[in-house]
Amino acid sequence: MGNLPAERDRLVGRRAELARLGRWIGRSRLVTVTGVGGVGKTRLARRAAGEVQLRFPDGAWWVELSPLSEGRRLPYAIAESLPLVDQSTRPMLDVVAEYLAGRETLLVWDTCEHLVEECRDAAATLLTVAPGLRILTTGRRPLGLPAEEVLTLDPLPVPGDDDEAADAVVLLADRAAEAVPGFTVSDANRSGLAALCRRLEGLPLALELAAARLREMPLAELNQRLDDRYALLGDTEGATHPATPPWHQALRTAIGWSHQLCTPAERLAWARLSVFAGTFDAEAAARVLADERLSAKEVPRLLAALVEGSIVEWVPTGDGERYRMLDTIREFGAHWLHELGEERTVRRRHRDHFLDLSRAADAGWIGPDQLVWRDRAVTEHTNLRAALDFCLAERDAEGALELGGALWFLWSACGFAKEGRHYLDRALALSTSPGPVRAKALWSCGRAAIILGEAETGLRLAEAFREAVAGDPDETHVFAAAFLEGGSLTMLGRQRQAAEVLDAVPRARPGTGQYDAEWFAVRIARAFVHVHDGQFAEAMAVAEEMGAECVRCGDTWALAYADYVRALAALGLGRPEEAAAHARTALDGKRRLRDSLGIALIVDVLAGAAVASGLAETAARFLGIAEQVWHSLGSPRMGSPELVAAREACEDRARSLLGDDAYRAAFHSGHDSDLDTGITYALTSGGPAGGHRRPLRPGGG
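Model, not experiment: these values are computed from the prediction.

## A short note on the sheet that holds strand S3 (residues 105-110)
- One open sheet holds the five strands; their spatial order is S2-S3-S4-S1-S5, and the pairing between them is parallel. At either margin of the open sheet sits one strand with a lone partner, and together these are strand S2 (60-64) and strand S5 (148-152). Taken over all neighbouring pairs, the strand axes of this sheet differ in orientation by 15° on average, direction set aside.
- One ladder, built from five bridges, connects S3 with strand S4 (residues 133-139); its direction is parallel. Pairing of Val-108 across the sheet is with Leu-136, part of S4.
- Across the sheet, helix H3 (residues 74-81) lies against S2 and S3, angled at about 140° from S2, the strand it touches most.

If you want it as structure tokens, here you go:
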């Protein structure tokens, strides 16, 4: 179990270091691999984590920290790497700590050097509350905690004149064979390879950069050019550019030399590509690179050339080709982008690309491409976050508000409500100037607040939104306002008032506008109110009407909620088998979207259907699965008194049928399971068609 990244190349050498890490992870709570940039810390940590993964029943989880620009995002990065989401009103570090407290887990935090203080504080907190937790970190310096064991990783052993078995030579030969098919170590090149390894001091990244150049020039010329580069460099580069990161000289030599060998267009592309956080695709690269100095037609060739030179990594995925830069390479590019005076200009182009992407996803969310947009937004999450961070750092209120508003679906439908509140609150504080962009941000923030169980905040934002859209000809805004107010009221248990608000808008779906999704949201909320008022047939009718419209337009998100309401209504009508069938259909839709709120709501309904059918043990297990998700969401059942009461009634009934001990055992089997395993169980084993049936006691419903 876990999310360790795939290993792209074989690990050369490091047998002693691997053995030491394996022992240390077994005996120490916190282990850190340090060393200069390019020495292979990440690759070693990945292999070590893979070798010890089976020791941890609850998995080994990789947390990529290099894309983070501020320490406050650290707990969210950890939560996103775990089977957790960030929809919580509590501090996210508390949520992570609670999740890890009873588990045996390995966390690997990769590239901590720019967040050392935050990592130190987070590690101290998590290790205190989670006795089964081990943390392995990588960085250019230790975290500095008393219990930390530190492995300082040295470069690979370099050879004497004839030692072709030295690890540095093996790595160089491996990478050279990738660059030049048929390349082998021979009597003719052995001394040259040894000299190159010594010149680059056995530093793995430097060797890989050099190997990539063997496709362009013979080994002897490569050695000579590096000699010239060393003589040119000396100690002057650091003096000339005091902002240059403190790289090991061999690496600085290899990177600087690779930079020198690039064409002017390739150097410019390298610098500009440094603005990406994480991976990027060719479309985004073209938007960021192209201008009067670089044409869009050149971008594919430039990317290919940078991949050939090991400046950019090609990352094939199930969704197409993507690219990334290693951190040290990106730092070099960022340094030169700053020297060129282009940093703000190129970051604006990055922002504009991801703003356009967000607008397109917003416009296309209700429709057959919804799952595609969901996957694309999640894939680009680190770049979207970087664009928002740039807007906030630049005090670009308009950009931050528009981006935060357009990404409402990421916050509300894909499990990132708390992050949405974080960005939208900061964006709204930058400017109070009225306009449609601010209005959409208010609405997006209100939606996130309702999901987080902050219904009073939802009401306040509903009022602000109505004021912001006064006089707006877009007919969809009335549905957005009705959902913010009516949805907040129903979560507060004020069903009569909620019904009045929701019934005040037209029944028919309007034309397209800024808030297309809100007709569906209003219908869901209205059906929900019918359920709470005991009007189950009416709820079923609303859900059937909305579901038909979802099928017509190809929607998944709202259709799953329609099926959820069908399940609630069927359960209220005394048809638990039908309720379970609708709930499983709904759960399949929410699983594909990774909509944790929807998953929690639906598994609760499955528990109710199971206990109504006498499947008390199954019901208890479902309640455990649901509770696991609700714990990550903050306010249980969004604070809805009706949902809380339904859950308590289900638990009381299951306990009465099973007895306390059997109930607790079944509950914990669900609560302590891997969430994906729990969802699979719910989809395949839930409801009256499966499970161990306990006969209802006399007088039971």
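This is not the end of the story, as more comes after the structure.
## Section: the layout of surface pockets
- Here the second largest pocket is characterised by a volume of approximately 700 Å³.
- If you go around the second largest pocket, you meet 27 residues; those closest to its centre are Ser-66, Pro-67, Leu-68, Ser-69 and Arg-347.
- Only helix H15 (327-340) and helix H18 (381-393) provide two or more residues apiece to the lining of the second largest pocket.
- Considering every element that reaches the lining of the second largest pocket, the biggest residue donor is H18, with seven residues.
- Tallied by class, the residues present in the lining of the second largest pocket amount to ten nonpolar, six polar and eleven charged.

## Here we look at the pairing of S2
- Counting buried residues along S2, four of its five residues qualify, which places the element largely inside the surrounding structure.
- Summarising the sheet, S2 and S3 pair through five bridges and their orientation is parallel. Bridge pairing in S3 places Glu-64 opposite Asp-110.

## Focus: empty space enclosed by the protein
- Scanning the entire structure with this criterion turns up three cavities of 30 Å³ or more.
- Taken as a whole, the largest cavity spans an internal volume of roughly 330 Å³.
- What lines the largest cavity is a set of 18 residues, among which Phe-483, Ile-524, Tyr-561, Leu-597 and Met-638 lie closest to the centre.
- When contributions to the lining of the largest cavity are tallied by element, the ones reaching two or more residues are helix H22 (436-451), helix H24 (477-491), helix H26 (518-532), helix H28 (557-572) and helix H30 (596-612).

## Comments concerning the confidence of the model for the protein chain
- Of the residues in the protein chain, 93% reach a pLDDT of 70 or more, and the chain-wide mean stands at 88.
- When pLDDT is averaged over each element of the protein chain, helix H19 (residues 397-406) comes out on top at 97 and helix H10 (residues 236-240) at the bottom at 39.
- Across residues 232-247, where pLDDT falls below 50, the model places 23 contacts with residues more than four positions away in sequence or in other chains.
- Below a pLDDT of 50 lies the segment residues 686-701, which in the model reaches 43 contacts outside its immediate sequence neighbourhood of four places, other chains included.

## What about the nonpolar core?
- Formed by 207 residues in total, the largest nonpolar core has its most connected members in Leu-273, Trp-365, Trp-557 and Tyr-564.
- Top contributing element to this core by residue count: H30, with twelve residues.
- Beyond its immediate stretch of four places on either side in the chain, Trp-365 contacts Gln-370, Trp-373, Arg-374, Trp-408, Phe-409, Ala-413, Cys-414, Asp-555, Trp-557 and Leu-593.
- Counting 33 residues, the second largest nonpolar core, distinct from the first, contains Trp-61, Leu-68, Cys-119 and Leu-126.

What counts as what
- Note on numbering: residues in each chain are counted from 1, in written sequence order.
- Per-residue local features of the predicted model are confined to residues with pLDDT of at least 70, and side-chain atom pairs are confined, for both listing and counting, to 80 or more; whole-chain, interface and lining totals are unaffected and use all residues.
- The basis for every side-chain value is the complete set of heavy atoms in the structure, and neither hydrogens nor water enter the calculation.
- If DSSP finds at least two bridges between two strands, the strands pair.
- The way it works is that DSSP assigns letters per residue, a run of H or I at least four long becomes a helix, a run of E at least two long becomes a strand, and they are numbered from the N terminus.
- In this description, a line fitted to the C-alpha atoms serves as the axis of each element, helices being fitted only across the stretch in contact, and the angle between N-to-C directions of two axes falls anywhere from 0 to 180 degrees.
- Only heavy atoms matter for contacts: two residues are in contact if any of them lie within 4.5 Å across the pair.
- Residues are called lining when one of their atoms sits within 4 Å of a cavity or pocket point, these points coming from a 1 Å grid over the protein atoms alone, where a cavity is a set in which a 1.4 Å probe fits but cannot get out and a pocket is an open set with protein on both sides within 12 Å along at least five of seven lines.
- Grid points are joined across faces, edges and corners, and a volume is the space filled by probe spheres set on the points.
- Classes in brief: Ala, Val, Leu, Ile, Met, Phe, Trp, Tyr, Cys and Pro nonpolar; Asp, Glu, Lys and Arg charged; the others, Gly included, polar.
- Burial status follows relative accessibility: with a 1.4 Å probe on protein chains alone, a residue under 20% of its type maximum counts as buried, one over 50% as exposed, and anything between as partly exposed.
- The pLDDT value tells you how sure the predictor is about a given residue, anywhere from 0 up to 100.
- As used here, the term nonpolar core means buried Ala, Val, Leu, Ile, Met, Phe, Trp, Tyr and Cys residues forming a set that is joined through side-chain atoms within 4.5 Å.

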